[in-house]
Amino acid sequence: MNQIIGTPLFTVFALVLIAESLKTLFLGTATAYTRGRLKLFLNQEDADWLGGRAVDVEHPTPGRLFRAHRNNLENLLPFIALGGLYAVSGASATAGMVYFIGFFVARAGHTVAYLGKRATLRRNCYSLAWLLLILTGLHGGVAIVGHLL
Amino acid sequence: MNQIIGTPLFTVFALVLIAESLKTLFLGTATAYTRGRLKLFLNQEDADWLGGRAVDVEHPTPGRLFRAHRNNLENLLPFIALGGLYAVSGASATAGMVYFIGFFVARAGHTVAYLGKRATLRRNCYSLAWLLLILTGLHGGVAIVGHLL
Amino acid sequence: MNQIIGTPLFTVFALVLIAESLKTLFLGTATAYTRGRLKLFLNQEDADWLGGRAVDVEHPTPGRLFRAHRNNLENLLPFIALGGLYAVSGASATAGMVYFIGFFVARAGHTVAYLGKRATLRRNCYSLAWLLLILTGLHGGVAIVGHLL
């Protein structure tokens, strides 16, 4: 394992994964914080505790943060799987760094675009990250199968 | 690590993980695509951009794709954790391949059943994948604790 | 890899990950079971099959289980990423065990508090687990970058 952990590729993978995980944790907390500020909660006990009321359909502001958070989780999950497999697959380090850094940039742009209501930028960032994830999976998969042959 | 990556068990794990991750990515995109085709969006800026309107409660077609996607994510997450631990645990490769391939088949059936509105098949596929995940976790956990003793 | 798998830190990481994954699987199934008991479903074909009706806004009981499940997934995902990186980073085993066991205790308390409608305890458990995840990520990240230098 040590021959993998000390490499530039693994370091880039780890840093992107940590940055994306922290972004997800902050988006989740921002959603809860905004519910508290607006005093509109999903649980009746929160409304009783903090004053305010419980709602079934969210206010647009925490709703937007919630969807940005959810979209981040939906894409972080395949990145953990496909990026992690790629990082141990022995496939090209240069290609891997392009995939990982490109994913990071595209997902940062997606969050900025989602919170800033910029629909075209959001669609483009989503599509780029999506494409890079698929490339990561296919390229890593070919390398892993190659070890068996 | 190299003695793990070249094995048939790790290869099967990686291929199932890649296939499930790609399925999840395609289900997510199919949901967004269907919202665009129906011109019913979750964000007002998408409605302004592409024409159409923003809704709080989704149309049944993207709603079904969304729930199939969400259920896939909910089960892929424990598979990454429990399957990954099993793959490095040193436990039986034969049992592991049964768990992983069984999980793949059951989750493929679940997606087909969800999109095809076949409730009984969906319940059975869900239950089989659920059971295999629990077996994977318990079997892998026993093997990992065994390394410490 | 064997020099990592036989260690106390990896064993604690694996056991916390298995316990959290199994809790998530049981919360998901409890949600589906409760929908069935109340005969209020998200899919029309389930209502046709089992008797009952399909709803857009959930009944409070499965809704609460669903949100407890979702919150568990939202925190398990960064734990897989940040805890897994920490476990292979070579950083302090003692600190890692404090982070992992603290995370486990805080998330167990969060689930108990969510299902028992105890808002203050839920907030405190959420915040403790959140803080431990951020510490895990930063501490592990520093150790991984250190391998490169």
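Definitions and cut-offs
- Residues numbered from 1 in each chain as written.
- Chains lettered and ligands numbered in written order.
- Predicted model: local features only at pLDDT ≥ 70, side-chain atom pairs only at ≥ 80, totals over all residues.
- Heavy atoms only, no water.
- Least-squares fit on C-alpha atoms with pLDDT ≥ 70 in both.
- Contact = heavy atoms within 4.5 Å.
- Salt bridge = Lys/Arg side-chain N within 4 Å of Asp/Glu carboxyl O.
- Helix = DSSP H or I, 4+ residues; strand = E, 2+ residues; numbered from the N terminus.
- Buried < 20%, exposed > 50% of the residue type's maximum accessible area, 1.4 Å probe, protein only.
- Buried area = accessible area lost by both parts, 1.4 Å probe.
- Polar contact = N/O pair within 3.5 Å; in protein donor to acceptor, adjacent residues only side chain to side chain.

S.K.: Provide a residue-level description of the relation of the copies chain C and chain B, including the pertinent values.
M.R.: Mapping between the two copies of the chain is achieved by a rotation about an axis and a shift along the axis. Superposing chain C onto chain B requires a rotation of 120° together with a translation of 0.0 Å along the rotation axis, leaving an RMSD of 0.0 Å. The transformation relating the two chain copies, once decomposed into turn and shift, fits a three-fold axis. A share of only 10% of interface residues in chain C that are also interface residues in chain B marks the association as one of differing surfaces.

S.K.: Requested: an account of the pattern of salt bridges, with residues and values cited.
M.R.: A complete count under the given rule lists 18 salt bridges over all chains for this structure. For the salt bridge of Asp46(B) with Arg122(A), the shortest nitrogen-to-oxygen distance reads 2.9 Å. Taken together, the residues Asp46(B) in helix α3 (residues 44–50) and Arg122(A) in helix α6 (residues 119–148) connect one chain to another. Per residue, the accessibility class of Asp46(B) equals that of Arg122(A), and both read buried. The shortest N-O distance in the salt bridge between Glu74(C) and Arg70(C) comes to 4.0 Å. One end of the pair, Glu74(C), and the other, Arg70(C), are both in helix α4 (residues 60–89), 4 residues apart, so they sit about a helical turn from each other. For Glu74(C), a relative accessible area of 15% puts it in the buried group. Judged by its relative accessible area of 22%, Arg70(C) falls in the partly exposed class.

S.K.: Any chance you could break down the interface of chain C and chain B for me, citing the residues and the numbers?
M.R.: In this complex, chain C contributes 30 residues to the contact, which on the side of chain B involves 33 residues. Interface of chain C and chain B: buried area, both sides summed, is about 2900 Å²; carbon and sulfur atoms make up 73% of it. Seen at the junction of chain C and chain B, the total is 3 salt bridges. Counting every contact that joins chain C to chain B gives 9 residue pairs in polar contact (both at pLDDT 80 or more).

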